[in-house]
Amino acid sequence: MDAFFASVELLRYPQLRGLPVVIGGRRRTPQEGASAADAALPLSAFERLRNYQGRGVITTATYAARAFGVGSAMGLMKAARLCPDAILLPVDFDAYRRYSRAFKDVVRSFAPVMEDRGIDEVYIDFTHVPGGQEQGGRVLAQRIQQGILAATGLTCSIGVAPNKLLAKMASEFDKPQGISIIFEGDLATRIWPLPCRKINGIGPKTDARLQALGIHTIGELAQQDVAALVRHFGKAYGAWLHDAAWGRDERAVVTASEPVSMSRETTFERDLHAVHDRAELGRIFTALCERVAADLQRKGYCGRTIGIKLRYADFRSVTREQTIALPTQDAATIRRAAGQCLRRVALTQRLRLLGVRVGNLVPQSEVALQHMAAGTPELF
DNA sequence: TCTGGGGTCCTAGGACCC
DNA sequence: TCTGGGGTCCTAGGACCC
């Protein structure tokens, strides 16, 4: 989806169309849900980025804002210097999730073999869709774009290719509202000139290491000896880098999967000290455990591995986890295990973030009997 | 001007078992 | 006297993605 969060916001605030708008920072509270009247709010009613104080990053920026050099993951204070007049909107995940479901429903109505890749992205297997091969897939891609636009008012960009790796790259060739089709024979002309960082799976760390080796483009990566890549990056990742540079990817489109973990974390408005701010930290900690427990209950899962995450003021992170005998979705049980984890870390430095995670998940239907047998149905 | 929140997967060492 | 070869599970950290 094109600038997904920002595009959803523009649907309810059409008066912001064409203006620099960034989404980020504070979460929208339920009382702040936009009403029909908001569509007519005067521009002066919107908060400007220059007035923002505090922590937080941009999750999405409109294309008008991107022209100022602001973009995803950038700190809001930095963005405020680049574009002080930009309008700042708090995130509203409930709204984005509704639109996410809506566009995925449209996709599935055309092509049922769809893999969910988060809130604004999917992979689709066209192979067996009637008419999917017309004009190399362009006809079906156009129909999907039109269907999504009609159902949601949102635009998207589609890449069509022989595999997921290339399709993902192709989807970024012509944003917004583009369709790009890549054939195997296009590798040298359309993929190899791109920077290595464009490969989904090469992040900032690997990119820096590649650059240090004098490898900047995918074509340069492709020319490397596999053995040399394996020496530098390990057996599995080195071989994968070479395959990726040659456009090789055999992964299937996976239509269903079970969650592995659920977590909640929060960055404090100011750094907190374990002793000095003990009461406040304790309240936040318990609330995080309750939120994870509520998530598990709502989605029908229990987990055996309870963990915490801390981020110190200097941004170092540590994690601790503990695996308990029986999977749980009970807030007090999670709180107890997480509390034991917390006792195993040094708390002399100020903290900026605290998180609670439950892993090793199993569907709750598989757990009830275990707790009955153990005589602990209340901890289930 | 410090840098969100929710995830997945991988690695590597140690415990423990057969 | 020093020393097998699997295998699984647990833990901590890190890279990466949306």
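It should be emphasised that the depicted structure is a prediction, and the values quoted were computed from it without experimental measurement.

So, the overall build of chain A
Okay, step 1: Across its full length, chain A carries 14 helices and eleven strands.
Okay, step 2: The C-alpha extent of chain A, read off along each of the three principal axes, is 60 × 60 × 45 Å.
Okay, step 3: Counting every position in chain A, which comprises 380 residues, the buried fraction comes to 43%.
Okay, step 4: Within chain A, residue pairs in contact and separated by at least 24 positions form 65% of the contacts whose partners lie at least 6 positions apart.
Okay, step 5: When the accessible surface of chain A is totalled, it reaches about 19,900 Å², and 53% of it is carbon and sulfur.
Okay, step 6: Counting 50 positive and 38 negative side-chain charges, chain A places the centres of these two groups 5 Å from one another.

Considering the protein's contact with DNA strand B
Okay, step 1: Around DNA strand B, the surrounding shell holds 20 residues, and the nearest of these are R81, S263, E265, T267 and R352.
Okay, step 2: Taken together, the sugar and phosphate atoms account for 60% of what DNA strand B places within 4 Å of the protein.
Okay, step 3: One nitrogen or oxygen atom from the main chain of S263 is found 2.6 Å from a phosphate oxygen belonging to DNA strand B.
Okay, step 4: Between DNA strand B and the protein, one listed contact pairs a phosphate oxygen with a backbone N or O atom of E265 at 2.5 Å.
Okay, step 5: Of all elements in the fold, only α3 (76-82), β8 (261-272) and β11 (351-363) reach the threshold of two or more residues within the surface near DNA strand B.
Okay, step 6: Element by element, the count of residues in the surface near DNA strand B is highest for β8, at seven residues.
Okay, step 7: In terms of residue class, the surface near DNA strand B is made up of eight nonpolar, five polar and seven charged.

Focus: the protein's contact with DNA strand C
Okay, step 1: Every one of the 21 residues lining DNA strand C counts as a neighbour, but D120, G201, T206, T323 and R344 are closest to it.
Okay, step 2: Restricting attention to atoms of DNA strand C within 4 Å of the protein, one finds that 96% of them are sugar or phosphate atoms.
Okay, step 3: Between DNA strand C and the protein, one listed contact pairs a sugar or linking oxygen with a backbone N or O atom of R117 at 3.5 Å.
Okay, step 4: Between R320 and DNA strand C, the recorded distance is 3.4 Å, taken from a side-chain N or O atom to a phosphate oxygen.

Remarks on the UniProt feature "domain: UmuC" (unreviewed entry) in chain A
Okay, step 1: UniProt feature "domain: UmuC" (unreviewed entry): in the numbering of this structure it lies at residues 1-203.
Okay, step 2: Segment residues 1-203 splits into 32% helix and 14% strand. End C-alpha atoms: 21 Å apart.

Describing the pairing of strand β9 (residues 301-312)
Okay, step 1: Here β9 lies mainly inside the structure; ten of its twelve residues are buried.
Okay, step 2: When β9 meets strand β10 (residues 317-328), the two strands line up antiparallel, connected through eight bridges. Paired with I306 across the bridge in β10 is Q322.
Okay, step 3: Where β9 folds back onto β10 in an antiparallel hairpin, the turn is made up of four residues, including F315, whose phi is positive at roughly 80 degrees.

A look at the domain arrangement of chain A
Okay, step 1: Domain annotation for chain A reports domain 1 (4-91), domain 2 (96-182), domain 3 (187-245) and domain 4 (261-371).
Okay, step 2: On a C-alpha basis, the centres of domain 3 and domain 4 stand 37 Å from each other.

Looking at the packing of helix α12 (residues 278-299) against helix α13 (residues 331-342)
Okay, step 1: Contact geometry for α12 and α13: axes closest at 9 Å, N-to-C directions at 130 degrees. Our classification of the angle between α12 and α13 gives oblique. You can see that α12 and α13 cross each other, and the crossing is right-handed. For the pair formed by α12 and α13, the contact residues are F285, T286, C289, E290, A293 and L296 on the first element and A331, I334, R335, A338, G339 and L342 on the second.

Calculation rules
Residues numbered from 1 in each chain as written. Chains lettered and ligands numbered in written order. Predicted model: local features only at pLDDT ≥ 70, side-chain atom pairs only at ≥ 80, totals over all residues. Heavy atoms only, no water. Helix = DSSP H or I, 4+ residues; strand = E, 2+ residues; numbered from the N terminus. Buried < 20%, exposed > 50% of the residue type's maximum accessible area, 1.4 Å probe, protein only. Contact = heavy atoms within 4.5 Å. Areas by Shrake-Rupley, 256 points an atom, 1.4 Å probe, with all protein chains shown as cover. Lys, Arg positive; Asp, Glu negative; His and termini not counted. Charge placed at Lys NZ, Arg CZ, Asp CG, Glu CD. Near = heavy atom within 4 Å. Polar contact = N/O pair within 3.5 Å; in protein donor to acceptor, adjacent residues only side chain to side chain. Nonpolar A, V, L, I, M, F, W, Y, C, P; charged D, E, K, R; others polar. UniProt positions renumbered as here; feature names shortened; annotations may be inferred. Pairing = 2+ DSSP bridges. Domains from an automatic or database assignment. Axes fitted to C-alpha atoms, helices over the stretch in contact; angles between N-to-C directions. Parallel < 35°, antiparallel > 145°, perpendicular 65-115°, else oblique. Left-handed = near helix turned anticlockwise from the far one by under 90°.

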